[in-house]
Amino acid sequence: MRVLNSAQMREADRRTIEEIGIPSLVLMENAGRQVVAAMEAMYTDLSDRQVAVLCGRGNNGGDGFVVARTLLQRGVDVSVFLIGNVSEVRGDARINMEILGRLGLTTVEIADSQAWELHFSEVTDCTLIVDAIFGTGLNAPLSGLIESVVADVNASGIAVVAVDLPSGLSADSAEPIGDSIEAGLTVTLAAPKLPLVLPPGETRAGDVVIADIGIPSDILDTVDGPRVELLTRASMRELITPRTPDSHKGDYGRVLIIAGSRGKTGAAHLAAVGALRSGAGLVTVATPSSCQAVVATMGPEYMTEALDEAAGDPDEPGEDGGLDPDNVDGVLEIAGDVIALGPGLGRAPSTREFIRTLVDRATMPLVVDADGLNAFSDAPEKLAGREGRDVIITPHPGEMARLVGMSTDEVQASRLEIARNFAVAHHVYVVLKGHRTLIATPDDKIFINPTGNPGMATGGTGDVLTGMIAAWLAQLLDAEAACKLAVYLHGMAGDLAEADEGEVAMTSADVAGHIGDAILELTARKRVERNTT
């Protein structure tokens, strides 16, 4: 589902009106009625509430006038307040405001702070407020009268339904540009907007409903501008096809996972389980020879290979020598369809050289995570995809910060831009983990994942994801699709684990243990009943 900015929404409106021939007045009518439908679904006692509709002077206010009329016609006690001068309301909004008057519902004009102070008690006598002051057209912080209105509404504690966007947020940025309405429900029109699906703006939107107001999906999909999409259950379900009865393990890909070191064998195991639970036909874990026995005993379903280790420093007997770089060609000889590289490998100098050499020489697709990424922190230009070989990197914000020479806070403040720029510049797929994990592609697309929860902020969940991406890459043979499906299912598995264990107690093993449940839930409509007759 496309996420649109303000310019894209204006263009979608224009094309719908001029090319398709749907009048703007019809779009406004659809918007207002869809908002009321969402309110009825959210508030089962809506007919018993007193509703205050706060309208601006533009089209968002026009939507609000339609909301008020629809509520009035359904017997709801509704009051309407115009934040501005009546004389400044024009076009479709004016038409709908005047219709209200002919129906006997007076619009209260709030032209200045004194008028707001006079009528604010009427607003607070209500039990639900509709915010239809500003929509996607806002591009500057609120000030003056409207800033006071927003502050008072937020302080009132009354539930707020926002039309399209909470007033004060900009459709062009997930970062709030100033104070805004704090809504409990936002009914956004035609397509989601950045501050509704990304932090920190999303915290001000409450529950989000995407309302179909009649703009054709082809227009939403083809409008020019940045390509940002929200992953949806329906689009992810299409990526999984039922297995044929005569299939065998070779049909579902061979994954080699290079992972683990002393004290970090669990990372190798979790990545392997993530791959197996995601359907990989064969999984092999290549791990330092000193760790092979430990890793092998953790899971009988995967195979293991011992990696030669470099000699350690005799003055540091407790330290790993790391992996022997001379062993890279031997590892590539046993590689399958996909290599996943990095979880728990450690940062020994020889391991760093091993990783860099392998990435340079490998001809098959790579998924690089954790210490695999840290090996390139001082030479990110060497971490690049090339024709015929996809590279997927899966950094958390700290690893991303090391790759781009910034602080973690700076990365978090500009996640979308940093992921996009790195993906395009290095021709790699970037899976930037965290709340609302982002997937950036070499061809300048961004995908936002809506699944997952804070309980996944625990050691090992990233290792599970690495294995999942590798498994789906081996099956789908499409890096973009593999990233999207694995990330979505990873979050779903986390949500199911949270439902069983709670977000405090859940572990990465719980996430891995719920991957199968997530796949079953996602593909429920694709289940085929066997004919036993």
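Refer to the structure printed above.
Within every chain, residues take consecutive numbers counted from 1 along the sequence as written. Since the coordinates come from a predicted model, pLDDT governs what is reported: local features require at least 70, and pairs of side-chain atoms require 80 or more to be given and counted, while whole-chain, interface and lining totals use all residues. Note that the side-chain values use all heavy atoms of the structure and ignore hydrogens as well as water.

Draft legend 1. View of the packing of helix 15 (residues 397-404) against helix 17 (residues 415-426). Axis definition: a line fitted to C-alpha atoms, limited for helices to the stretch in contact. Angles are taken between N-to-C directions and run from 0 to 180 degrees. Under the scheme used here, helices are H or I runs from DSSP no shorter than 4 residues and strands are E runs no shorter than 2 residues, and both carry numbers assigned from the N terminus. One way to put it is that helix 15 packs onto helix 17 with a least axis distance of 12 Å and a crossing angle of 55 degrees. Considering their axes alone, helix 15 and helix 17 lie oblique with respect to each other. Of the two elements, helix 15 crosses helix 17, and the hand of that crossing is left-handed. Across from Pro397, Met400, Leu403 and Val404 in helix 15, the residues of helix 17 making contact are Arg415, Ile418 and Phe422. In terms of residue class, the contact of helix 15 with helix 17 is built from six nonpolar, no polar and one charged. Should an angle fall under 35 degrees it is called roughly parallel, over 145 degrees roughly antiparallel, and 65 to 115 degrees roughly perpendicular, with every other angle called oblique. Here a crossing is taken to be left-handed if its near helix is turned anticlockwise relative to the far helix by less than a right angle, and right-handed if that turn runs clockwise. By the convention used here, residues are in contact when the closest approach between their heavy atoms is within 4.5 Å. Basically, the charged four are Asp, Glu, Lys and Arg, the nonpolar ten are Ala, Val, Leu, Ile, Met, Phe, Trp, Tyr, Cys and Pro, and anything else, Gly included, counts as polar.

Draft legend 2. Quick look at the sheet that holds strand 3 (residues 77-83). Criterion used throughout: strands pair if DSSP finds at least two bridges between them. Within the open sheet, the seven strands sit side by side as 4-3-2-5-6-7-8. Their pairing is parallel. Two strands in the sheet have a free side with no partner beyond their single neighbour: strand 4 (107-110) and strand 8 (207-211). Going across the sheet, the axis of each strand differs from the next one's by a mean of 20 degrees, ignoring polarity. As paired elements, strand 3 and strand 4 share four bridges and run parallel to each other. For Leu82, the partnering residue across the bridge sits in strand 4 and is Glu109. In the packing of helix 5 (residues 113-124) onto the sheet, the strands contacted are strand 2 (50-55), strand 3, strand 4 and strand 5 (128-132), and the crossing angle to strand 4 comes to about 140 degrees.

Draft legend 3. The nonpolar core, seen in detail. Side-chain atoms within 4.5 Å are what join buried Ala, Val, Leu, Ile, Met, Phe, Trp, Tyr and Cys residues into a set we call a nonpolar core. Under the scheme applied here, a residue whose accessible area is under 20% of the maximum for its type counts as buried, over 50% as exposed, and between as partly exposed, the area being computed with a 1.4 Å probe on protein chains only. One finds Ile257, Ile392 and Leu489 to be the most contacted residues of the largest nonpolar core, which totals 53 residues. Sort the elements by how many residues they give to this core and helix 19 (residues 479-501) lands first, with 11 residues. If near-sequence neighbours (up to four positions away) are discounted, Ile257 is found in contact with Ala271, Ala272, Ala275, Val283, Thr284, Val285, Ala286 and Ala340.

Draft legend 4. Spotlight on the environment of Asp212. Summarising the element assignment, Asp212 is placed in the loop between strand 8 and helix 8 (217-222). Taking the C-alpha atoms as reference points, Asp212 and Ala340, 128 residues apart in sequence, are found 41 Å from one another. A distance of 2.9 Å separates a polar side-chain atom of Asp212 from the backbone nitrogen of Gly214. Side-chain atoms alone can form a polar contact between residues adjacent in sequence; in general such a contact is a pair of N or O atoms within 3.5 Å, and within protein one must be able to donate a hydrogen while the other accepts it.

Draft legend 5. Examining the packing of helix 10 (residues 265-277) against helix 18 (residues 461-476) more closely. Interaxial distance between helix 10 and helix 18 falls to 6 Å at its minimum, and their mutual angle equals 40 degrees. Between helix 10 and helix 18, the crossing angle belongs to the class labelled oblique. Between helix 10 and helix 18 the crossing geometry is right-handed. On the side of helix 10, the interface is formed by Ala267, Leu270, Ala271, Gly274 and Ala275, while helix 18 contributes Asp463, Val464, Gly467, Met468 and Ala471.

Draft legend 6. Expanded view of the side chain of Glu399. Tracing the backbone shows Glu399 in helix 15. We score Asp and Glu as negative and Lys and Arg as positive, and we do not count His or the chain ends. In what follows, salt bridge is the name for a side-chain nitrogen of Lys or Arg lying within 4 Å of a carboxyl oxygen of Asp or Glu. Within the buried set, Glu399 has no salt-bridge partner at all; the shortest N-O distance to an opposite charge, 4.7 Å, is to Arg402. A polar contact is formed between the side chain of Glu399 and the backbone nitrogen of His396, at a distance of 3.0 Å.

Draft legend 7. Structural context of unusual backbone geometry. The peptide bond linking Pro199 to Pro200 adopts the cis configuration, its omega dihedral lying at 0 degrees. Looking at the secondary structure, you find Pro200 in the loop between helix 7 (194-197) and strand 8. For His427, which is not a glycine, the phi torsion comes out positive at approximately 55 degrees. The topology assignment puts His427 in the loop between helix 17 and strand 16 (429-432). Here His427 falls in the partly exposed class, since its relative accessible area comes to 42%. Of note, the phi angle at Arg436 is positive, near 60 degrees, even though the residue is not glycine. Summarising the element assignment, Arg436 is placed in the loop between strand 16 and strand 17 (438-440).

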